[in-house]
Every structure is written in structure tokens, then in C-alpha cells.
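Residue-level listing of the chains:
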Amino acid sequence: MEQLINDLKQQIKEVLNLEELSLEDFDADAPLFADEGIGLDSIDVLEIIVLLEKQYGIRLANPKEGKAIFKSVRTIAEYVQANRKK
Amino acid sequence: MANVIVAGYGIICAIGNDASAVLKSLKEGQTGIGPMRYLQSSHKELPVGEVKLSNEEMKQMLGLDKEAIISRTALMGAIAIRQALEHAQLTLKGKRVVVISGTTVGGMDMTERYFKGPSAELEEALRKHDCGSSTRQMANLAGLVDAEVCTVSTACSSAVNAIILGSEMLKRGEADIVIAGGTEALSMFHLNGFNSLMILDKAQCRPFDKTRTGLNLGEGAAFLVLTHTLVKSKELRVKNNSNNLERKSSSNPSLFTLHSSVYIRGYANRCDAFHQTASSENGEGAFLAMTDALKMAGLRPEDISYINAHGTGTPNNDASESEAIRRVFADNIPPVSSTKGFTGHTTSASGAIETVICILALQNNFLPANLGWKEQDEACITPLGNEELRMKNEEFATARNILCNSFGFGGNDSAVVIGKSSLPDFSSKEQPLLKRRGQEAFSPSLNLKSFPSGEDLGEATTCVLGEAVIDDVEQLGELREFVTAGEARRMGKLMKAATITSMRALRQAGVERPDAIITATAYGMLETSERFLTDMVENGEEMLSPTLFMQSTHNTIGSALAIRLKCHGYNITYSQGADSFRWALRDAKRLIETGKAKTVLVGQHDEATPMMQHFCRLMGCPVPPMLYSRSIVLSRKT
């Protein structure tokens, strides 16, 4: 699980171009979309959906489904663990 | 000030290849949306509103070699323009004729087809890839070789902004006849782009319905022949008395008898300044566009008999537009429908296609239905249901004014009011400003040398308050002075350069927020567009990046600046090759001289890629620089 969390942090940082966010500061429990958290937005949701499909073979048809899944890196990791196809 | 009159129009879209066919489909409630037939995409699950003609059939209609590499955008546009000219029957000889087209896709359909080669075909496609070249070619195909051409590219509101620009030019005496509208072919590029944004419905779209989940893309072209009442005189009267046209349009003679009485009464271009791909909850941009268009027309909300809504069918647009309509019309909301259930969302062409639909409605006393609507959504207005149409149509016979909404990515929101009656006619004292130029050569080059220098701007009415230029990626270091790391992370080099030069020019001018933002760009953010295209062609039509796509529209820079500066004022993007900046400057001067803006931020922003430079060398064109961004702040000379 920890390995998956670290992989996801690296992948999210890369695909969303979060240059100034160090992996050490990237808290796995920090809210991704609230202002006080990482501060991502609706376009980032779409990019993470593409990422999940590319890396883990998971297809999410509706971005709204993603709300609970995309709370934090940890919730994404849990979802990936349970649903990954590769 | 002269009135702007619609002397003729042409239309081709999913529900018909000319105005008579479109009228018939509208009256019969017949949609043009269906399974994909002509577009070579793997996403066959997505319904589309295609024009029911192959490229070869269109080339045949235009008398062209069927092997010629010509974009569907130019083909449809040329067909619509020819129809419009035939309809108007005006003498063009000796007149200053300007063609203004709204498009974003341009020649993308051919570029994506030949992107992997063969090389000769790709070169031919690239020559006519950019919006400006595509418009020039379209005008030539329509026989308007001597006309000046201009392309407006504000994503899905492009065509209405083309009509607005044309009307302004006529009112100012800058042209005698303007052919304004828009054209957009379906391409794999934007079908996949919209798909990556997850806003396409896999069933037929249902604007304003509670169960709506997105839009269906469509394609088509529509153009209006606009002139002002000052030159209508003999020619139009002769036309109205002739039997000629009525015979030609035997399927519906009434279509062609009243057209000279339709006027462009009012319009407004405003910016939501909220988000690159979403509309604000209170629909501020849409509210301002509708309010100001009514104001210009001298009308109250209750004078409007029908609203043709933008109504794309996405949850966000329809709720936001509904809120804006409620804010403008309160308890007096007239019948509203979105006709995108007929045509699909024809993106850059939609404003012209829907304006023509409004004219057909006004001339033939009928209200177009809102196909697909069944269930009320509390967040939305109630559009016209089929059962109400008959009753409403009787009331509608006395209608005089229609409002047509057209909104685009980046919050480029515009609205136009057309009417049967005219405003008082004042005779124009203004001198023509336009000199006709020869035909421009096709060239992908940016031709920086032809940009006006600072001295050219020092004219009688305007002055430059601030100016900044960046022409090297090494100069992007000061970006962080103006934006946060979070904001910078999605910016390509051109967006960074445009942001820096704009902020520096404004700072030098001592202007916090300009009244208007005008952007000139031949190719837009080419680097990101090319990455999206390469990914799509090489790796297939799956898992494409929405971030890359949303930056591919030419208005991305202008709308990003509006969002940064919270500028809700006039916002437009010109994409006419090396002439883009000239058009932008002319517009800025027009705004300042007519008192519509005190300060205007004008920018020329273009970038090249190694691939583009490679092809320029191959084709013997001047090689454009990797980066060029110039911003100026203009104001009235005191």
C-alpha cells in the first residue's frame, strides 16, 4: 500500500506538473481539492481519471463518481488497490 | 449611424443543405443528429450532427477537382457563402466587400488525416491549416478573391462575434458589404478533446432536461450578407419585386420575400472571466451580454418574443444560462429553446447557424422546438415543449424581436438581437477607413516584419500607455512575479510570455483592469495543440489529456487574461495569419473612438515548434521564431 501511495504521488505530481510540491510535503491524507489542501480543480480530476486508466486500467465513465475516490492520495490508492486491472 | 440589414443568408448543417431544407426540418421537428458516417473516428458510440454530404460531393457542388485537398470547413463555408450571395443578389462590383468568418478548427480535419503522411499531402494540408488560411481559401472558393478576409476565433461564440464585428464595420463606414458568419467541420481532434472533458452525451442531447449529461457535436456553416440601410436603396427594392428568386426557391417562396426587413438591432460581447471550460454559477458573462445587447437595441426584456439559447446540453452550461436568463427577464421569460437537439453543437459556426434559424423563425412565424426535453430541472428554465408550440406560434406571428445567445470556452459570451423593425436611420458622416488590399498568399509564416511598429500606432485618436515584448524563452523568468506556482503549472511557454507582457504593459500604463482585451494569434498555443494531435494520431483516440485540449482554442490566452484580471468587458481573438495584429489594432481603435472602451489591452502572441519550423524550411517559407509575445495598452489621446 505504501508503495502504491508513493507511486501515485509521483504520477500525480508529474501529470499535473506540480513542480514545486516535494514528495515529502505531499501528505497522503491531505485533501486534494480543497483550498487548504493541494488545491486541485475539475480539470485535474479529468487528468487523474486518464492517469488511472493509463497506469492501472481503471475506467471511470462519470467524473462525479470520482468525488469520494479523489478525496486524498490515500483514498485513490485504496480504490486502485481494489479495482486495478494491471 | 446606419442600420445593419440582413440582405441574404446561406446555411448548411445536419438538418439541411440549404435554408429551405433547414426550415422544413425545423418545422417538422426532424433532428439531424445520428450515428457517425463521414468522420473517421473510432468513437462510433458518439452521435453527431453531420452535414449529409461527403467532401467529394461538396467539391462537386463547388465545381472542384475531387482529388483536391480542401478542408471540410472551407468547403461548407464556401457553399453557405455562395447561397447567401445568390440570395442577396447584391452587386459586389466596386463595393468594399469583407468576409468575416468564425472558426477554430480551420483545416484541422485535413491536417489530422495526413499527419502521418504522405509528406506532400501533409504539406498541402499544413499550408491551409490555420484559421486565416482556411478563411482565405473559403472566400476564394466562393468567388470572393478580391474581398478582404478576417477570422474571429473565440471558440463556440466565434460566429456571433464575426456578425458583431461586421455590423460594427458597416456602422462605421469601413465596408459596404460584409459577409459574416462561421464554419466548422467535425474533426477527430475536437471530438476527442470534448470527449476528454467528459461533456459528450452518448445519447441524443437534451438541453435543459433534468437527465441531460452533455452535448453532441455537430458541424456546418452559415453566413449572412450584411449591408447598411444607406446602400439598400434601389438594389434591394428591385430584388423584392423580382420573381426570380421566388421561382428558384419553389419549395418555400415566403422564405425569400421578407428578408430585407430583418435587421441586426443590438449585440454585445462580454466575458464571464470565470474558468477556462466552465460557466459561472450566476452566469455573469451571459447576463452582461444579454443585458447590453438589449440596451443597444433599445428594447426592454418584454419586447423579446423568443430566445434561441446557447443550450448545449451540458449540466453546467444549461444551469448557468438559465440563471442568467432569469436574472435578465425575471418573471417575463419569453419562449426559450435550444436548437442544438436539431443540429448538434456546431461549435464556432453555431452562432451564425442559430442566427439564421432565428431569421427563419421570424420570417415564417414559427418557434423552433427544444428537441429532447422531457423532465423539468429546477436549476433550469422551462424550454418550449412540443405541445405548446402550436399555441405559441399564433402569438408569435406578431413577434418583432429575437435574442440569440452564443457562449464559448473561456467565458467568451455574446448575444445578438435581430428584429423586424428598424431603428431610426441617421446618415453616416464617417469616412471609410478601409483600403482594399490584394490577395494574401498562403503562408504558415508569422511574418513578424509586417507587424506595425510602435510609430504606426501614434495616430490621431489613440496613444500607447504601456508596451512589453518577449521574444525568447530565456525571458520567462519573471513569471512568478505575477502568478503563483499553482497557476503556472499548466502554462505553456506562450501563455507564460503573454501573461508577463500583458502584466508588464498594464503596470507601465498604470492600468489595473483594462475595459477590453483583444488578442491576435495565428496559431494559438501551437505547442500544446501539436502534443494533443501527436498523441491522438500515434497512440489512438483514448486517454487523451484534457489540459492540452482546453488550451488548443485560440481564445485561451485572451480568456485566461480576462480571468486573471477579472475583466468582464469586450474580449475577442483574431486569427488571420500575419494580419491578426492589424485586425486587433483596428478593433481597439474602433472601441476607443466610439467611446466603448477607455483602455484596451492588445496582444500579439505566437509560438513555433520544431516540427513547424521544419515544415517551413521544407516549403521554403520564412521560419517563424519559437516565441513572440507583444502586449500594448491603448487609450484615447488626450
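Quick notes on the rules
- Sequence order as written defines residue numbering, which begins from 1 separately in each chain.
- As they are written, the chains are lettered A onward and the ligands numbered 1 onward, keeping that order.
- Reporting of local features is limited, given that this is a predicted model, to residues whose pLDDT is at least 70; pairs of side-chain atoms are given and counted only at 80 or more, and all residues count toward the totals for whole chains, interfaces and linings.
- The side-chain values count all of the structure's non-hydrogen atoms but skip hydrogen atoms and water molecules.
- Numbered from the N terminus, helices here are DSSP runs of H or I no shorter than four residues, and strands are runs of E no shorter than two.
- Partly exposed describes any residue whose relative accessible area lies between the buried limit of under 20% and the exposed limit of over 50%, with all areas from a 1.4 Å probe on protein chains only and scaled to the type maximum.
- We call two residues contacting when some pair of their heavy atoms lies within 4.5 Å.
- All accessible areas in this document rest on Shrake-Rupley with a 1.4 Å probe, and a residue is counted as covered only by the protein chains that are shown.
- To form a nonpolar core, buried Ala, Val, Leu, Ile, Met, Phe, Trp, Tyr and Cys residues must be joined to one another through side-chain atoms within 4.5 Å.
- Classification of ring pairs rests on two measures: the distance between centres of Phe, Tyr or Trp rings, Trp counted by its six-membered ring, which must be within 6.5 Å, and the angle between planes, read as stacked under 30 degrees, edge-to-face over 60 and tilted in between.
- Note on definitions: buried area is the accessible-area loss of two parts on being combined, 1.4 Å probe, summed for both.
- Take a side-chain nitrogen of Lys or Arg and a carboxyl oxygen of Asp or Glu: if they are within 4 Å of each other, that pair is a salt bridge.
- Note on residue classes: Ala, Val, Leu, Ile, Met, Phe, Trp, Tyr, Cys and Pro are nonpolar, Asp, Glu, Lys and Arg are charged, and everything else, Gly too, is polar.
- Patches were defined on residues exceeding 30% relative accessible area and lacking a salt bridge, with like-charge contacts within 9 Å and nonpolar side-chain contacts (Val, Leu, Ile, Met, Phe, Trp, Tyr) within 5 Å.
- Residues scored as charged are limited to Lys and Arg (positive) and Asp and Glu (negative), so that His and the chain ends carry no count.
- Here the site of a charge means NZ on Lys, CZ on Arg, CG on Asp, or CD on Glu.
- Residue-level confidence of the predictor is what pLDDT reports, using numbers from 0 through 100.

1. Quick word on the overall build of chain B
When helices and strands are tallied, chain B shows 23 helices and 15 strands. Buried positions account for 66% of the 638 residues belonging to chain B. Considering only contacts within chain B whose residues lie at least 6 apart along the sequence, 80% involve residues at least 24 apart. On chain B, roughly 22000 Å² of surface is accessible, and the fraction owed to carbon and sulfur atoms is 50%.

2. A few points about the nonpolar core
Residues and elements named next belong to chain B. By size, the foremost hydrophobic cluster in this structure holds 72 residues, and its most contacted members are Ile 100, Leu 226, Ile 264 and Tyr 574. If near-sequence neighbours (up to four positions away) are discounted, Ile 264 is found in contact with Val 4, Val 6, Ile 163, Ser 167, Leu 224, Leu 226, Val 416, Val 417 and Ile 418. Membership of the second largest hydrophobic core comes to 33 residues, among which are Ile 70, Ala 78, Met 138 and Ile 177.

3. Some words on the packing of aromatic side chains
Residue and element names in this part refer to chain B. On inspection of all chains with the given rule, the structure shows 6 aromatic pairs over all chains. Consider the rings of Phe 189 and Phe 549, whose centres lie 6.0 Å apart with planes at 55 degrees: the pair is tilted. Placement of Phe 189 in helix H8 (residues 188–196) and of Phe 549 in helix H20 (residues 546–550) is noted, with a sequence separation of 360 residues between them. Each of the two residues, Phe 189 as well as Phe 549, counts as buried. Ring pairs connect the aromatic residues Phe 189, Phe 194, Phe 409, Phe 532 and Phe 549, which therefore count as one cluster.

4. Here we look at unusual backbone geometry
In this structure, the amide linkage connecting Gly 117 of chain B to the following residue, Pro 118 of chain B, adopts the cis form with an omega of 0 degrees. Relative to the helices and strands, Pro 118 of chain B resides in the loop between helix H4 (108–113) and helix H5 (119–127). Even without being a glycine, Asn 17 of chain A presents a positive backbone phi close to 55 degrees. For Asn 17 of chain A, the position within the fold is in the loop between helix H1 (2–15) and helix H2 (42–56). Asn 17 of chain A gets classed as partly exposed once you look at its relative accessible area, which sits at 31%. Despite not being glycine, Ala 273 of chain B shows a phi value in the positive range, around 50 degrees. Position of Ala 273 of chain B among the secondary structure elements: in the loop between strand S6 (263–271) and helix H11 (284–297). Judged by its relative accessible area of 12%, Ala 273 of chain B falls in the buried class.

5. Examining the interface of chain A and chain B
The interface of chain A with chain B comprises 19 residues on the first partner and 16 residues on the second. Taken together, both faces of the contact between chain A and chain B bury some 1400 Å²; the carbon and sulfur share is 53%. Of all residues in chain A, Ile 43, Leu 46 and Glu 47 of chain A give up the largest surface area on contact with chain B, accounting jointly for 35% of the area buried on that side. The interface formed by chain A and chain B holds 5 salt bridges in total. For Glu 542 of chain B, the salt bridge goes to Arg 59 of chain A, with nearest N and O atoms at 3.3 Å. For the side of chain A that touches chain B, the class distribution of residues is 10 nonpolar, 2 polar and 7 charged.

6. So, the environment of Ala 7 of chain B
All names here are of chain B. Inspection of the secondary structure assignment puts Ala 7 in strand S1 (residues 4–13). Judged by its relative accessible area of 0%, Ala 7 falls in the buried class. Remark: the alpha-carbon pair of Ala 7 and Gly 77, spanning 70 residues in sequence, is separated by 18 Å.

7. Notes on a negative patch on the surface
Residue and element names in this part refer to chain B. The grouping of Glu 56, Glu 57, Asp 65 and Glu 67 at the surface amounts to a negative patch. Along the chain, Glu 56 turns up in helix H2 (residues 55–61). For Glu 56, a relative accessible area of 38% corresponds to the partly exposed category.

8. Examining the confidence of the model for chain B
All names here are of chain B. Summing up the model confidence of chain B, the mean pLDDT is 89 and the portion of residues at 70 or higher is 88%. In the model, residues 422–455 has pLDDT below 50 throughout and makes 83 contacts with residues more than four positions away in sequence or in other chains. Among the prediction metrics, the complex's ipTM stands at 0.92, with pTM recorded as 0.92.

9. Remarks on the confidence of the model for chain A
Counting all residues, the mean pLDDT for chain A is 89, and 100% of those residues have values of 70 or more. Per-element mean pLDDT across chain A ranges from 83 in helix H3 (residues 66–69) of chain A up to 95 in H1 of chain A.

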